[in-house]
Amino acid sequence: MTTWYLSTNDNIKGPFTTDQAKGFVRENHGAYCWRQGGNEWEPAHGVAEIWPVKKNGTPFPSPPSHMMSTKPIARPVADLPVQSGSALQDGKTDKRLSPSPSRSGYDAGTDVTDSRNRSGGFGTTEFTEGIDFHIYGHEMQYIEVELDPGESAVAEAGALMYKTESIEMETVFGDAASSQSQGFMSRLMGAGQRLLTGESLFITVFTQQRQGKGRVAFAAPFPGTIIPVDLTKYQNKIICQKDSFLAGAKGVQIKIFFQKRILTGLFGGEGFIMQKIEGDGWVFMHVGGAVKEITLSPGEMLHVDTGCLAAMTATVDFDIMQAGGIKTMLFGGEGLFFARLTGPGKVWLQSLPFSRLAGRMLACSPGTGSKRQGEGSILGNLGDLAGGR
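Residues numbered from 1 in each chain as written. Predicted model: local features only at pLDDT ≥ 70, side-chain atom pairs only at ≥ 80, totals over all residues. Heavy atoms only, no water.

For the protein, the name recorded in an unreviewed UniProt entry is TIGR00266 family protein, with Desulfobacter latus as its organism.

Quick look at the structure:
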């Protein structure tokens, strides 16, 4: 039986049987695959054994290039020879090795991960610059952060999952960045900005107070994906949807990004206020469903459902455009407008906006009837009439 590994944007999953791989590829056409004994990663659409076919027996068309995931560099962990001190090709320690003394009682498990979901220093005895982290899970993720002596991380109130005894926590009012040196009015302004962007007035600081390393974990509030972003790679600033901040390095600041275009603020899906996260370390955002990262060239445009925009770099221009003709706007189910994103820069898209999830749950709750049809169009109301509601 052939064993398969699948990768979407370097998020390596497996091992899969052939049938399981077929099911995965059916939902992720841009994936790359690795078969047992293979020499390199291959686009899934080029492998007949797992590429889906239509009812008439013809293969599905290959996805366009911009929909393809990033081709992974590392080989699957299970496909590497196990040797003492061996490492993955991207420099990450193979998790099948015996854990270091600092990892006693905290087994990292056997899930396959990559450099985007795990920092290079995580799980080692070495002290590194900046916090180290490891993201676990798929649909319901949590992130484990490893802190050196005196190192701190911040998180949204209520995000804590667990921590080691050596880590002390302190709740501060407003922004944790230089909170001790700021006056009350400055902290009040910082707290007000956090409140307007969907966060609470308080933030919790976790600090490793003893020798050796400590660990603290933060859990996502609903099904989705945790996105790790190194702010130093994006001019120390990123724009994201409200209420997406989960945790980050101490010094990360959450501020207001005000949408100046009136129509974009009204119909862009994000409102007039978004989060602007600034700093010089790692920040971890949580968004709904799966995540697609797209890098836009200068002048390149991308049309996105207004609720699916999760985050973008500050260089991306965010505007709206009409979704089509009158018939498409009223009956297409996609609302009246698309978000139009223009490069250069990077954007992060979410497959399941929380508003869409909440709307489906509300529509199916007792007293409101069964699932509504075309919630983004006039068919929502017409469907209610047809259904007797």
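Okay, the overall build of the protein next. Tallying secondary structure elements over the protein gives six helices and 23 strands in all. In the protein, the proportion of contacts linking residues at least 24 apart, taken out of those at least 6 apart, comes to 67%. (Helix = DSSP H or I, 4+ residues; strand = E, 2+ residues; numbered from the N terminus. Contact = heavy atoms within 4.5 Å.)

Bringing the pairing of strand E23 (residues 345–350) into the picture now. Among the six residues that make up E23, six are buried, leaving the element largely enclosed by the rest of the structure. Residues Gly345, Val347 and Leu349 point to one face of E23 and Lys346, Trp348 and Gln350 to the other, with burial holding for every one of them. In this sheet, E23 lies alongside strand E18 (residues 291–296) in antiparallel orientation, the contact comprising six bridges. When the bridges of E23 are listed, Thr295 appears paired with Lys346. Bridge count between strand E20 (residues 309–313) and E23: three bridges; the pairing is antiparallel. Looking at the pairing, Ala311 lines up with Trp348 of E23. (Buried < 20%, exposed > 50% of the residue type's maximum accessible area, 1.4 Å probe, protein only. Pairing = 2+ DSSP bridges.)

Val229, Ile238, Phe245, Ile277 and Met285 are the most contacted members of the largest nonpolar core, which has 19 residues in total. Secondary-structure elements contributing two or more residues to this core are strand E10 (202–208), strand E12 (224–230), strand E13 (237–240), strand E17 (282–288) and E20. Counting residues per element, this core draws most heavily on E17, at three residues. Leave out the neighbours within four places in its chain, and Val229 touches Tyr234, Ile238, Gly281, Trp282, Val283, Met285 and Trp348. Formed by 18 residues, the second largest nonpolar core is a distinct cluster that contains Phe133, Ile135, Ile143 and Ala159. (Core = buried A, V, L, I, M, F, W, Y, C linked by side-chain atoms within 4.5 Å.)

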